Protein chains: 4
Amino acid sequence: MQRIAVLTSGGDSPGMNAAVRAVVRKAIYHGLEVIGIKRGFSGFIEADMWPMDLSSVADIIHRGGTILRTARSEEFKTPEGRGKAFANVQRFGIQGLVVIGGDGSFRGADIFNTEYNLPVIGVPGTIDNDIIGTEYSIGFDTAINTVVDAINKIRDTATSHERTFILEVMGRESGYIALMAGLAGGAESILVPELRYGIDEVCEKLIHGYKRGKLHSIIIIAEGAGSGLDVGKQISEKIGLETKVTILGHLQRGGTPTAFDRILASRMGAKAVEILVEGYRKHMVGMIADKIVASPLDASFKGKKAIDLDIYNLANILSI
Amino acid sequence: MQRIAVLTSGGDSPGMNAAVRAVVRKAIYHGLEVIGIKRGFSGFIEADMWPMDLSSVADIIHRGGTILRTARSEEFKTPEGRGKAFANVQRFGIQGLVVIGGDGSFRGADIFNTEYNLPVIGVPGTIDNDIIGTEYSIGFDTAINTVVDAINKIRDTATSHERTFILEVMGRESGYIALMAGLAGGAESILVPELRYGIDEVCEKLIHGYKRGKLHSIIIIAEGAGSGLDVGKQISEKIGLETKVTILGHLQRGGTPTAFDRILASRMGAKAVEILVEGYRKHMVGMIADKIVASPLDASFKGKKAIDLDIYNLANILSI
Amino acid sequence: MQRIAVLTSGGDSPGMNAAVRAVVRKAIYHGLEVIGIKRGFSGFIEADMWPMDLSSVADIIHRGGTILRTARSEEFKTPEGRGKAFANVQRFGIQGLVVIGGDGSFRGADIFNTEYNLPVIGVPGTIDNDIIGTEYSIGFDTAINTVVDAINKIRDTATSHERTFILEVMGRESGYIALMAGLAGGAESILVPELRYGIDEVCEKLIHGYKRGKLHSIIIIAEGAGSGLDVGKQISEKIGLETKVTILGHLQRGGTPTAFDRILASRMGAKAVEILVEGYRKHMVGMIADKIVASPLDASFKGKKAIDLDIYNLANILSI
Amino acid sequence: MQRIAVLTSGGDSPGMNAAVRAVVRKAIYHGLEVIGIKRGFSGFIEADMWPMDLSSVADIIHRGGTILRTARSEEFKTPEGRGKAFANVQRFGIQGLVVIGGDGSFRGADIFNTEYNLPVIGVPGTIDNDIIGTEYSIGFDTAINTVVDAINKIRDTATSHERTFILEVMGRESGYIALMAGLAGGAESILVPELRYGIDEVCEKLIHGYKRGKLHSIIIIAEGAGSGLDVGKQISEKIGLETKVTILGHLQRGGTPTAFDRILASRMGAKAVEILVEGYRKHMVGMIADKIVASPLDASFKGKKAIDLDIYNLANILSI
C-alpha cells in the first residue's frame, strides 16, 4: 500500500479535524501518501482532492468543523455516481479509503467496497453517538458539554425567576444527547423519541414539583420527540404555566472539541491507518473498554444503539 | 443614615450578584446595616426581607442570576401596593433603597420616592443596555459574549457545510445585543427592531454573497425584529435556500458574569452606597468615560438609547 | 440498612459534588437516611456531620470542589483516631459508608472495615486517574480539559511569536494528565515521571523541529518529572533558546465539572448506594466498558495504573 | 492615498486579528490597496510583506494571536534599519502605515514618521492596558477574563481545602491586570509594582482573616511586584502557612478574544483607516467615553497610565 485517501461525510462533528490529522500523520509515519477528498462523497465523485502533507494538518486539532468539509451526496447512492468515484480511485492510484462519518456514510463505503473492492475503514464521527460498535463516536462528548453549558446558563435565570424552561436539542431518531445532557445538567424532565410520553404526565410532574416547593423546572426535549415550542404551548394551555423555550439547533455541531473527543479522534484515526496497512478491508474502528478495536463495517448500520433505560431511570431518580 | 435596603428587580442579568455584594460590603464598611429584599418590589410589599452581613454575600461574585431573586410586581404599580411597601419601610427602619434593575424598575422607584420621600438609588442591571445615563448596564457584556460564543459554534458547522444559519437573540424593543454581537461575531446580516428591513433585501445579500463565493452566511435577528423561524421560512420560499435556526432564549440571561460585568457591578454597587450616604435622593449611577457618575433617576426612563448607526454601518462594511 | 454516611477525602476533584448528590438522592430513593461528614476522615473523627436531605444537594451538580470539604487526616492513620471515628459510627447509627476519594482514602476505609466491620464503598475521585479498577476516576476529564485549554491559549501566542513554551502540570507519581492532555493539545514533547528522559534529547527534538521550519514548540511536563522552571533554564543554557514557563498548579483541581465527569459521578454515586444496599462490604465502584461495576477495594491500592506506552508513542508520532 | 500597509508589533494580544481584519476591509471599502507586513518592524525591514484582499482576513475575527505574527526588532531602533524599511516603503508604494501594538511600537512609528514623513497611525494592542490616550487597549479584556477564570477554578479547590493560594500574573511595570482581575475575582490581597507592600502586612491580613473564620485566601501578584514562589516561601517561613502557587505566564496572551475586544478592535482598526484617509499623519486611535477618537501619537509614550487608587481601595473593601 502506497497511497490512501481520507474524507469526512454526513453531518460534521467536533473532533473530525483531529481525526483527519491523525490519519494523515500516522499514514505519513508509515511511509504512505495521503490524498484529502473535499466535501465527502461529492468530492470523491468530482475529483475534488489534493495531496496532504504533515503541514496540511498543522494547527487544526483544536478546530471545530472539518477542513475537508462535508456534504451529503445523492449521486453516490447511484451506481453511476460510484462509477465516477472509482474512476478517480484509478486515476489517483488510491489503495485505501478512510471515511469519517456516521452510519449512512459507512453504508455508502460498504457498497463501494463490495462493488470495487477498495479497502475502506470507517471512523465513527457523529454527535448522536448512535453507532453500534463503539461506546463513543467523535463529537458526542463536545455536543453534550455544549448542551450542559446551556442548561447551566438557563438554570441561573430559572433560579432567579421561578419559571419553567424548555430546551430543544438535536436527535431526530436518537434521544442520547437529550438523555446524557439531561442527566449531567440535572434536567427535571427528559423527553426522547425512543420513549413515549404524555403531555399530561409532564404537566403532573411540574405541578407535583411546584407543590413540593420546586420553584423552577427545566425540560429537555430531543427534536425527534416533538417541538419545544409545541410542548411549551401545550403546558401553557393545560396548566397555565408560562414556559420559555430555547432551541439550540446547529450550534451543537460546533465548538472547540473537548479533550475526550480529540483523544478519541486521534486514537481512532491512527488505528484506521494501522488496520488498513495490516490488510483489513471493510471495517470500522470503535472504542470498547478504553481500547480502539476493529469490527466489521456492516454491523454498524444494521441497527442503532438502543437508549439505556437504566440511565434514563437514574436521571429521573436524581432530579427529584 | 443607619439602615438601607437592596433589591433586584425586573429581568435578571449576570453581575447582579456582584452588585448586591458591593452594596452590602460597602454599606457595612460605612457602618450601615443592610436589609436584603427578596423578589423585587413583590418582596418589598410582602416584607420578604432579612438582614444581610458580610458572609451573606460570600462566594457569589461569580454566580449568574441573583441571590435576592427577582420578579415583576403588578401590585407595586398601584398606590395600595406602594402603601404596603412603605409600611415595611417604617416597620424595618429603612432609610434608603438601592434598586438594581432596568428602567421599568427605576420608574417604580421614582414614583415611590415622590410619594414617600425615601431616598432611592438605581443601579442599571439589564442585558439590553438600553438605559440612558450609562454607557454599559450590568449583564450586557456577559450576554453578548454568550451570543458571540453561539456564533462561533455555528460558524464551525457553517463553514463545513455551506449553509445559511439564523440566530434569534433577545431584544424586544432594542437591537443592541444583536448589533454588538453581530459585529463581534462577524454576522453577515443583522436585523434589529429599530431599522426596517425587507426580506428581499436580506435575500439579495445572500445571493450576492453566494455569487461572490461566500459559502455560508449567518443572519442574526433580535426577537423584536421578527421570528427567526419565520425569516427562515421566507428565505426558503423566496430563493430556495435551506436555513437552520437557533433560538437562544433565556440562556442569554445566565452564565458566569464576565470580568467586565463584575467590575462594573462592583463599582456601581459601591457608588450607589456612597451617594446614598452623601445625601443623594433620587439618582442612578452610570458609567461614563470609565468613571462611575450619578445622574437624576428620571432621565433614565424618559427615553431609550437609540441604536448607533455608525456601528451598524461598520458591521455591514466589515462583514462583506 | 437504614442510615449511611458519605464523605469526600484527599485532594478534591471536580465532580465530587455530583457524586455526593447521587449518593444522597439514590439513598433517599431507597428509603435510607444519609449523614454528610465534613472534611473527610477528620470530620469522621470529630463528629463534624449532619443529616442531609434532597435539598442539601440541590444546585450543586455543576459546582467544582466539594460541599463536604476535604482534608488529609493523620489521626485516622492511628488506631486511636479510627477508634474515635467508630464511636461516632455507633453514636449516629451509621450502617454503611461511602468514601469519595483516591487510593489513600480507600486504604483508610479498608483498614477501618477490617477493624470495625462497617461496610465501606469507595468511589474513585481524583484528577490523577491512577486508580486500578476503573477506566476513569471523577475529575480527570475536567482536569485534562483545563490543561488542554491552557495549551490552546499558549499556542495562540506561540504561533505569533515563534518561541518555546513549557507547561508544568499536576502528577507527582503519575504522568497521565500530562500524557493525555499533551496528546489532546498536540504538545511537541511530553515529560512524565514514569519514563526517563534526558534534557539532551529534549533539546535535540527542539533543534530538529526548528531546522524543519517548526517555529514554536510546547513542552508539557508532569511535576513529578521535574520543575518546568529548571527544564527551561537547562534548555536556555544548552541551546540558547529562550523559554516561557507556565505552572498551572491547583487550578487544575477546580472548574465546573465536564458532562463526562458529572455523568460518571452520578452513575458511580448511585451504584455505590446500590451495592451497599445489596450487601457489598468492602468494594469500590469503577467504570469498565461504559458500565459501572464493583471490585474489591484492596485491589485499588495494591498498585498504580501504568502509563500506556502506545498512547505515549502515538502522541510522539502525531506531534511530528 | 492608494496603498497602505499594516503590521502588528511587540507582544501579541487577543483581538489583534480583529483589528487587522477591520483595517483591511475598511481600507478596501475606501478603494485602497492593503499590504500586510509580517513579524512587525522586522518584516518591514526585510520586505516580508504581501498584498491582502477581503478573503485574507476571512475567518480570523475569533482567533487569538495575530496572523501577521509579531516580533521585537532591535534593528528598527537603528537609523540603518529604518532606512531599509523606508526603501521598502518606496519599493512597494506604501503611503500610510497602521501599527497595531504597544507604546514601544508607537515610539518606533513616531521616529519613522519624523525621519521619512510616512503617515502612521497607532492602534493600541496590549494586554497591559497601560497606554495613555485610550480607556482600553485591545486584549486587556480577554486577558483579565483569563485571569478571573483561573481565580474561579482556584477558589473551588481553595474552598474545599482551606488553604492559601498565590496567583502570579503578567505586568512587569503595570499592576493593572492584577488589580482589575483581583477586583473581579474577589482576591483577598492584590500586590502590584506601583504600590509598595511589606510581606508582614500580607501575613497580618492572612492571620486576621483566619481569625475571623476565613478558611482560604487568594493572593494575586503582578510579576513586577515579585515572584509568586518567593512570596509563598516567605509566608511559609513567617507564619507557617502552606501556600500553593500558580504562574499563568504567557497563556494570558492567548485565547479567543472576548466580544469587547473584538468590537474595540473592529472599531479602532476601521477608525485608523478613516483618519489616515482624512490626512492624519502621526496619531493613535483610542476609546474615550465609548467613542473612538484620535490623539497625537507621542502623547501615548510620554507616560504610563497610573494605577487607579480608588479601584485598589475598593477591591480591598469588597474582599473583606
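Thresholds, definitions, all that
- Numbering of residues starts from 1 in each chain and follows the order in which that chain's sequence is written.
- As a convention, the first chain written is A and the first ligand written is 1, with the rest following in written order.
- Since the coordinates come from a predicted model, pLDDT governs what is reported: local features require at least 70, and pairs of side-chain atoms require 80 or more to be given and counted, while whole-chain, interface and lining totals use all residues.
- In computing side-chain values, all of the structure's heavy atoms are included and hydrogens and water are not.
- DSSP bridges decide pairing: two strands pair if at least two such bridges lie between them.
- A run of H or I in DSSP becomes a helix once it reaches four residues, and a run of E becomes a strand once it reaches two; helices and strands are each numbered from the N terminus.
- Angles run from 0 to 180 degrees between N-to-C directions of axes, and those axes are lines fitted to C-alpha atoms, restricted for helices to the stretch in contact.
- Each copy is superposed on the other by least squares, with the fit set by C-alpha atoms of residues at a pLDDT of at least 70 in both.
- Working rule for contacts: check all heavy atoms of both residues, and any pair within 4.5 Å makes them a contact.
- Summary of the burial criterion: residues with accessible area below 20% of their type's maximum are buried, those above 50% are exposed, and those between are partly exposed, where the area comes from a 1.4 Å probe applied to protein chains only.
- Reported buried area values correspond to the accessible surface (1.4 Å probe) lost by two parts on association, with both partners' losses combined.
- Counted as a polar contact is a pair of N or O atoms within 3.5 Å, where, for protein atoms, one must be capable of donating a hydrogen and the other of accepting one, and residues adjacent in sequence contribute only when both atoms are in side chains.
- The classification used treats Ala, Val, Leu, Ile, Met, Phe, Trp, Tyr, Cys and Pro as nonpolar, Asp, Glu, Lys and Arg as charged, and all other residues, Gly among them, as polar.
- Only buried residues count toward a nonpolar core. Its members are Ala, Val, Leu, Ile, Met, Phe, Trp, Tyr and Cys residues joined through side-chain atoms within 4.5 Å.
- Domain delimitation follows an automatic or database domain assignment.
- We count a salt bridge whenever a side-chain nitrogen from Lys or Arg sits within 4 Å of a carboxyl oxygen from Asp or Glu.
- Each aromatic pair joins two rings of Phe, Tyr and Trp (for Trp, the six-membered one) with centres within 6.5 Å, and gets the label stacked for planes under 30 degrees apart, edge-to-face for over 60, and tilted for any other angle.
- Throughout this description, the term charge over a ring refers to an Arg CZ or Lys NZ atom that lies within 6 Å of the ring centre and within 35 degrees of the ring normal.

K.L.:
Whenever I open this one, the sheet that holds strand β5 (residues 120–124) of chain D confuses me. Can you help?
P.N.:
For sheets, the rule is that strands pair by backbone hydrogen bonds, running either parallel or antiparallel. Residue and element names in this part refer to chain D. Read from one edge to the other, the open sheet built from seven strands follows the order β3-β2-β1-β4-β5-β10-β11, with strand pairing classed as mixed. Edge strands, defined here as strands with exactly one partner in the open sheet, are β3 (49–52) and β11 (291–296). Averaged over all neighbouring strand pairs, the angle between strand axes comes to 25°, with direction disregarded.

K.L.:
What am I meant to see in the relation of the copies chain C and chain A here?
P.N.:
Superposing the two chain copies requires a rotation about an axis and a translation along that axis. Taken as rigid bodies, chain C and chain A are interconverted by a rotation of 180° and an axial shift of 0.0 Å, the fit giving an RMSD of 0.0 Å. Expressed as an axis order, the relation between the two copies is that of a two-fold axis. Considering only C-alpha atoms, the part of chain C nearest the rotation axis is C:Ala289, at 1.9 Å. Of the residues that chain C buries at the interface, 100% are likewise interface residues in chain A, meaning the two copies contact each other through the same surface.

K.L.:
Any chance you could explain the side chain of D:His62 here in plain terms?
P.N.:
Along the chain, D:His62 falls in the loop between β3 and α3 (79–92). What makes D:His62 buried here is its relative accessible area of 16%. Once residues within four sequence positions are removed from consideration, D:His62 is found in contact with B:Asn152, D:Thr256, D:Pro257 and D:Arg262.

K.L.:
Mind showing me how you'd approach the interface of chain C and chain A here?
P.N.:
Many structure descriptions define interface size as the accessible area lost when the parts assemble. Between chain C and chain A, the residue contacts involve 43 residues of the former and 43 residues of the latter. Both faces considered, chain C and chain A share a buried interface measuring about 3600 Å² in area, 64% of it formed by carbon and sulfur atoms. The largest per-residue losses of area from chain C upon contact with chain A belong to C:Ile263, C:Ile317 and C:Leu318, which jointly make up 16% of the total buried on that side. Here chain C and chain A share 12 residue pairs in polar contact (both at pLDDT 80 or more) between them. With seven residues, helix α9 (residues 259–278) of chain C is the largest single contributor of residues to the side of chain C that touches chain A. In terms of residue class, the side of chain C that touches chain A is built from 21 nonpolar, nine polar and 13 charged.

K.L.:
Would you mind showing me how to read the side chain of A:Asn145 here?
P.N.:
Looking at the secondary structure, you find A:Asn145 in helix α5 (residues 140–161). A:Asn145 gets classed as buried once you look at its relative accessible area, which sits at 17%. At a separation of 2.9 Å, a polar atom in the side chain of A:Asn145 contacts the main-chain carbonyl oxygen of A:Asp141. Apart from residues no more than four positions distant in its own chain, A:Asn145 is found in contact with A:Thr258, C:Thr258 and C:Ala259.

K.L.:
When you look at the sheet that holds strand β3 (residues 49–52) of chain B in this model, what are you seeing that I'm missing?
P.N.:
Residues and elements named next belong to chain B. One open sheet accounts for seven strands, arranged β3-β2-β1-β4-β5-β10-β11; its pairing is mixed. Only two strands of the sheet have a single neighbouring strand rather than two, namely β3 and β11 (291–296). Pairwise comparison of adjacent strand axes, ignoring direction, gives a mean angle of 25° for this sheet. Sheet analysis places strand β5 (residues 120–124) next to strand β10 (residues 282–288), joined by three bridges and oriented parallel.

K.L.:
Looking at this model, I keep getting lost on the nonpolar core. Mind explaining?
P.N.:
For soluble globular proteins, nonpolar side chains are generally found buried alongside one another. Formed by 296 residues in total, the largest nonpolar core has its most connected members in A:Ile220, B:Ile220, C:Ile220 and D:Ile220. Excluding its chain neighbours within four sequence positions, the residues that come into contact with A:Ile220 are A:Val147, A:Ile151, A:Leu167, A:Val169, A:Ala178, A:Ala181, A:Gly182, A:Ala187, A:Ser189, A:Ile190 and A:Leu191.

K.L.:
Which parts of the structure should I look at to understand the domain arrangement of chain A?
P.N.:
Residue and element names in this part refer to chain A. When cut into domains, chain A gives domain 1 (3–139 + 257–300) and domain 2 (143–253). Each partner contributes residues to the interface: domain 1 has 11 residues there, and domain 2 has nine residues. In total, about 760 Å² of surface goes out of reach between domain 1 and domain 2, with carbon and sulfur atoms giving 51% of it. On the domain 1 side of the contact with domain 2, Asp12, Ile127 and Asp128 bury the most area, a combined 55% of that side's loss. Across the contact surface, domain 1 and domain 2 share zero salt bridges. The interface formed by domain 1 and domain 2 contains two residue pairs in polar contact (both at pLDDT 80 or more). For the side of domain 1 that touches domain 2, a count of residues per class yields two nonpolar, five polar and four charged.

K.L.:
In this structure, what is going on with the relation of the copies chain D and chain B? I would like to understand it.
P.N.:
Relative to chain B, chain D is turned by 180° and slid 0.0 Å along the rotation axis, the superposed coordinates differing by an RMSD of 0.0 Å. In this assembly, 100% of the residues forming the interface of chain D have copies in chain B that are likewise at the interface, indicating an isologous arrangement.

K.L.:
Just to check I follow, could you spell out the packing of aromatic side chains for this structure?
P.N.:
The geometry of two aromatic rings is summed up by the distance between their centres and the angle between their planes. Enumeration over the complete set of coordinates arrives at 44 aromatic pairs over all chains. When the centroid spacing of 5.6 Å and the interplanar angle of 35° are considered together, the rings of A:Phe76 and A:Phe112 count as tilted. Of this pair, A:Phe76 sits in the loop between β3 (49–52) and α3 (79–92) while A:Phe112 sits in helix α4 (residues 103–116); the two residues are 36 residues apart in sequence, bridging distant segments of the chain. Among the residues examined, A:Phe76 registers a relative accessible area of 4% and is labelled buried. Through a chain of ring-to-ring contacts, three or more aromatic side chains come together here, namely A:Tyr136, A:Phe140, A:Tyr176, A:Phe260, C:Tyr136, C:Phe140, C:Tyr176 and C:Phe260. Taking NZ or CZ as reference, A:Lys38 lies 5.0 Å from the ring centre of A:Trp50, over its face. The ring of A:Tyr176 has A:Lys305 sitting right over it, with the charged end atom 5.7 Å from the ring centre.

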